[in-house]
Amino acid sequence: MTTDARLKQHVVRRELHSPKSGLAIVLALIAIVALAWVGTESVLAALGRPALLLSPSAMAAGARGLPSLQPGVLIAVGAVIAVIGLVLVIAALTPGRRGRHIIGAGSTAAVVNDEVIGSALVRTASSVAGISPDRAVAEVGQRSATIRLTPVSGVALDRAAVERAVAEAADGLGVTPAIRTRVVIDKKGKVGG
Amino acid sequence: MNSTNRGLNRFFILLVGLLLIAAGGAVAVLGAVPAVASQAKSIARQLASGAQPWVADPTVGKASLLVLGIALVALVLIVLLLVFIGRQGHGRSAAALRQGDGAMSTRVDLAIPRALLEEHLSERDELAGLRISAYEVRGTPMLKITARCRRGVSPAEVSTMIGRAVDDLERIIGTDVPTFVQLTGGFRAGSAMRSQVA
């Protein structure tokens, strides 16, 4: 593999996954606020000024007093904190895929957002079904897409034709991973075009 | 495309998560296991009565060495966290291409591919917007084309079209231009009804 191809592969892999910047920044900001508060209280205590909320000695006394609290309260608070921690650990270790697919574009590396795929499938489905695109909604996952159609009251939709057209359109996208399609036609139609 | 250190982001989130699990677990155990609670109580009593001078005795004003140490550590951590936040993003490059080293080197400014590609692509109906930028990826400049597709257009056609535009660009510049293409939607704006062509 050439360095060029490796570079493209590297970029595509990065673009398919979340950088987790938002979560990291939020956590860092919370930590900064907490640390700034503790630091400020320490300095205020050193200067002999009244504390903002709690002086360092009051914090220490509070920590020493923890075991005297009601066991039920301790268990509940501890469990909530631990669950938040668990959520963060899971967030840190899961791939965090973005709603995107790889798409062929000649020699360049290309990625398409799932909303574009959904919109193209909606257009195919609605034009074959003969309804307005606003009556069709697509939900695109990593390997499958569901297109939901709301028919016009009293006008039957050709389900087979829609299914065929949508499957063909999905094949024609040339995205990786490939998308399997499913067409759902609402039982209740709506009046008007 | 940017140079965000993703490994560091994940490591930081993991670290905070593990700290919270440890802290929450310790608090819960304190409530759930009576033996641990009584042990903690006696340790707390000991600490309160016979505290070390660096914990209890004020050195500056009314603050002990421990309190000042905590303030210092807090300050250092705040600076590190600010640097960490500031490191997110970045990596934009003014050059779209750099070749050769030593005595002879060629640098193609981003403005050139931007002008060529915009001229080539901005007239197309399929696109609602086009953004051309360049990023430094592993020390190599790489072109990024972000194309906002109109509602309902085939991404396959758009990507082929952009691929051709990049081929033309490479022919004009005379060398490979590492390029990354992203097709986005964002249909809320500019989703004016377009006539349906079946």
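Residues numbered from 1 in each chain as written. Chains lettered and ligands numbered in written order. Predicted model: local features only at pLDDT ≥ 70, side-chain atom pairs only at ≥ 80, totals over all residues. Heavy atoms only, no water.

A.B. asks: Where do I start with the overall build of chain A in this structure?
C.D. replies: Secondary structure assignment for chain A yields 6 helices and 6 strands. Starting at the N terminus and ending at the C terminus, chain A contains elements arranged as α-α-α-α-β-β-α-β-β-α-β-β. Taken over the C-alpha trace, chain A has a radius of gyration of 28 Å; the compact-globule value for 193 residues is 16 Å, which it surpasses by more than 25%. Principal axes of the C-alpha set define a box for chain A whose edges measure 80 × 55 × 30 Å. Counting only residues that meet the buried cut, chain A has 41% of its 193 residues in that class. A fraction of 62% describes how many contacts in chain A between residues 6 or more apart in sequence connect residues 24 or more apart. Across chain A, the 21 positively charged side chains and the 12 negatively charged ones have centroids separated by 6 Å. (Helix = DSSP H or I, 4+ residues; strand = E, 2+ residues; numbered from the N terminus. Rg over C-alpha atoms; globule rule 2.2 N^0.38 Å. Buried < 20%, exposed > 50% of the residue type's maximum accessible area, 1.4 Å probe, protein only. Contact = heavy atoms within 4.5 Å. Lys, Arg positive; Asp, Glu negative; His and termini not counted. Charge placed at Lys NZ, Arg CZ, Asp CG, Glu CD.)

A.B. asks: Got a minute to help me understand the domain arrangement of chain A in this structure?
C.D. replies: A common measure of how large an interface is: the accessible area buried when the components associate. By domain assignment, chain A separates into domain 1 (18-93) and domain 2 (101-185). For domain 1 of chain A and domain 2 of chain A, the distance between their C-alpha centres works out to 48 Å. (Domains from an automatic or database assignment.)

A.B. asks: Help me understand the sheet that holds strand β6 (residues 180-185) of chain A in this model?
C.D. replies: Residues and elements named next belong to chain A. Read across the open sheet, the 3 strands follow the order β3-β4-β6; overall the sheet is mixed. Taken across any chain shown, the strands that pair with only one partner, and hence form the sheet edges, are β3 (136-140) and β6. Averaged over all adjacent pairs, the angle separating strand axes in this sheet is 15°, with direction ignored. As judged from the 5 bridges shared by β3 and strand β4 (residues 144-149), these two strands associate in the antiparallel manner. When the sheet's bridge partners are listed, valine 140 is paired in β4 with alanine 145. In the packing of helix α5 (residues 114-129) onto the sheet, the strands contacted are β3, β4 and β6, and the crossing angle to β3 comes to about 145°. Sitting on the sheet, helix α6 (residues 159-173) is in contact with β4 and β6, with an inclination near 150° to β6. (Pairing = 2+ DSSP bridges. Axes fitted to C-alpha atoms, helices over the stretch in contact; angles between N-to-C directions.)

A.B. asks: Looking at this structure, I do not really get the interface of chain A and chain B. What am I missing?
C.D. replies: Across the boundary between the two partners, chain A contributes 75 residues, which contact 74 residues of chain B. Both sides of the chain A and chain B interface together cover about 6,100 Å² of buried area, and 68% of this is carbon and sulfur. Three residues, Leu7, Arg14 and Arg123 of chain A, lead the burial of chain A against chain B; their summed loss comes to 11% of the area buried on that side. Note that aspartate 134 of chain A and arginine 151 of chain B form a salt bridge whose closest N and O atoms lie 2.5 Å from each other. The interface formed by chain A and chain B holds 21 residue pairs in polar contact (both at pLDDT 80 or more) in total. Mapped by element, the contributors of at least two residues to the side of chain A that touches chain B are α1 (3-16), α2 (21-47), α3 (56-65), α4 (71-93), β1 (100-103), β2 (109-113), α5 and α6 of chain A. If you tally residues by element for the side of chain A that touches chain B, the top one is α2 of chain A, at 16 residues. Its residues assigned to classes, the side of chain A that touches chain B comprises 45 nonpolar, 19 polar and 11 charged. Pairing of β2 of chain A with strand β7 (residues 179-184) of chain B, which is carried by 4 bridges, proceeds in the parallel orientation. Looking at the pairing, valine 112 of chain A lines up with leucine 183 of chain B of β7 of chain B. (Buried area = accessible area lost by both parts, 1.4 Å probe. Salt bridge = Lys/Arg side-chain N within 4 Å of Asp/Glu carboxyl O. Polar contact = N/O pair within 3.5 Å; in protein donor to acceptor, adjacent residues only side chain to side chain. Nonpolar A, V, L, I, M, F, W, Y, C, P; charged D, E, K, R; others polar.)

A.B. asks: Before we go on, may I ask you to explain the UniProt feature "transmembrane region" (unreviewed entry) in chain B in this structure?
C.D. replies: What UniProt calls "transmembrane region" (unreviewed entry) maps, in this numbering, to residues 64-85 of chain B. End C-alpha to end C-alpha, residues 64-85 of chain B measures 32 Å, and it is 95% helix and 5% strand. (UniProt positions renumbered as here; feature names shortened; annotations may be inferred.)

A.B. asks: What's the story with the nonpolar core in this structure? I'm lost.
C.D. replies: Here is a general trend for soluble globular proteins: nonpolar side chains tend to be buried in one another's company. Ile117 and Leu149 of chain A together with Leu117, Leu143, Ile162 and Leu183 of chain B are the most contacted members of the largest nonpolar core, which has 46 residues in total. Contact partners of isoleucine 117 of chain A, with chain neighbours within four places excluded, come to His101, Val112, Val140, Leu173, Val175 and Ile179 of chain A together with Pro155 of chain B. If you look at the next biggest cluster of nonpolar residues, it comprises 15 residues, including Ala24, Ala28 and Ile32 of chain A together with Phe12 of chain B. (Core = buried A, V, L, I, M, F, W, Y, C linked by side-chain atoms within 4.5 Å.)

A.B. asks: Where do I start with the sheet that holds β1 of chain A in this structure?
C.D. replies: Strand pairing in a sheet takes place through backbone hydrogen bonds and is either antiparallel or parallel in direction. Spatially, β5(A)-β1(A)-β2(A)-β7(B)-β6(B)-β5(B) is the arrangement adopted by the 6 strands of the open sheet, whose pairing is mixed. Every interior strand has two partners, whereas the edge strands, β5 (175-176) of chain A together with β5 (127-137) of chain B, have only one. Bridge count for strand β6 (residues 140-149) of chain B against β7 of chain B is 6 bridges, and the pairing is parallel. Pairing of isoleucine 145 of chain B across the sheet is with valine 181 of chain B, part of β7 of chain B. Against the sheet, helix α6 (residues 155-173) of chain B touches β1 and β2 of chain A together with β5, β6 and β7 of chain B, its axis set at about 150° to β7 of chain B.

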